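# Residue-level structural notes
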Amino acid sequence: MKSLLDLFLRKSTCAHTHALINTNEGYCPDCGAYLKKYFYIVRCLRCDVKREAKIYFGDVLPKEKYCTNCGSKEYYVEKLDIISFIDIPYAIHTKEIVLQGEFEFASAQIWVDSNNVKPVRYLTGSV
Ligand SMILES: [Zn+2]
Ligand SMILES: [Zn+2]
């Protein structure tokens, strides 16, 4: 995985190889940046099936050109900070630098429900 991560993080001088070994977030021992693990899952835009992903020049792309379920070429990429273990074979994981101000935003992006992934709805009380 090292070469993939190096490619993906090519703008950074540190590949954070020794960071986040047992945790999902924390400081990199090599460069001191605060990092968080993120997962990317590629899905078919038409039928929503999960597609195998790859990293190509820093972009997350589907491995195959067409969806094997419906034949569509269109896809979208989901960025998650937590995934269920059934999604792991499909997911690309990265270690990304988190700026302090983005913590709140990041924590609002937790997705739940292993079968039918939907964003968590926050009730504001003013519906
Ligand atoms: Zn680092
Ligand atoms: Zn499809």
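The model shown is predicted, which means the values in this text are computed figures rather than measured ones. (Residues numbered from 1 in each chain as written. Chains lettered and ligands numbered in written order. Predicted model: local features only at pLDDT ≥ 70, side-chain atom pairs only at ≥ 80, totals over all residues.)

### Describing the overall build of the protein chain
Note the cut-off: The secondary structure listing takes helices from DSSP runs of H or I that are at least 4 residues long and strands from runs of E that are at least 2 residues long, numbered from the N terminus. We call a residue exposed when 12 or fewer other C-beta atoms sit within 10 Å of its C-beta, buried when the count reaches 20 or more, and partly exposed for counts in between; the C-beta positions come from the backbone. Note on contacts: residues are paired as contacts if their backbone-placed C-beta atoms lie within 7 Å.
For the protein chain, the count of helices and strands is 2 helices and 9 strands. Across the 127 residues of the protein chain, 13% fall into the buried class. Pairs at least 24 apart in sequence give 52% of the contacts found in the protein chain among residues at least 6 apart.

### Quick word on the nonpolar core
The criterion, for reference: Any nonpolar core is a set of buried residues, restricted to Ala, Val, Leu, Ile, Met, Phe, Trp, Tyr and Cys, that join up through C-beta atoms within 7 Å.
Listed in full, the 11 residues of the largest apolar core are Y38, Y40, I41, V42, C44, A53, C67, Y75, I83, A91 and I92. Sorting elements by how many residues they give to this core places strand β2 (residues 34-44) first, with 5 residues. Aside from chain neighbours lying at most four places away, what touches C44 is V49, R51, C67, N69, C70, S72 and Y75.

### Here we look at the confidence of the model for the protein chain
Spelled out, the test is: The predictor reports its confidence for every residue as pLDDT, a score running from 0 up to 100.
Taken over all residues, the pLDDT of the protein chain has a mean of 80, while the share at 70 or more is 69%. Long-range and interchain partners of residues 104-113, a stretch whose pLDDT sits below 50, account for 14 contacts in this model, where long-range means more than four residues apart.

### Quick look at the pairing of strand β4 (residues 53-56)
Selection rule: Between any two strands, at least two bridges found by DSSP are needed for them to pair.
Bridge count between β4 and strand β5 (residues 59-62): 4 bridges; the pairing is antiparallel. Note on β5: the bridge partner recorded for A53 is P62.

### Points about unusual backbone geometry
Located in the positive-phi region is H16, a residue other than glycine, with phi close to 55 degrees. With respect to the helices, strands and loops of the structure, H16 is situated in the loop between α1 (2-8) and β1 (25-27). The residue F57 is not glycine, and still its phi comes out positive at about 50 degrees. As for its position among the elements, F57 is in the loop between β4 and β5.

### Let's talk about the environment of K95
Counting through the fold element by element, K95 comes out in strand β7 (residues 92-97). Taking the C-alpha atoms as reference points, K95 and C28, separated by 67 residues in sequence, lie 9.7 Å from one another. Excluding its chain neighbours within four sequence positions, the residues that come into contact with K95 are H16, A19, L20, L35 and K37.

### Points about the environment of I55
When you line up the elements, I55 lands in strand β4. With 17 C-beta atoms packed within 10 Å, I55 lands in the partly exposed category. C-alpha separation for the pair I55 and Y40, spaced 15 residues apart in sequence, amounts to 10.0 Å.

### A look at the environment of P89
Counting through the fold element by element, P89 comes out in the loop between β6 (75-80) and β7. Between the alpha carbons of P89 and I41 there is a distance of 9.6 Å; along the sequence they are 48 residues apart.

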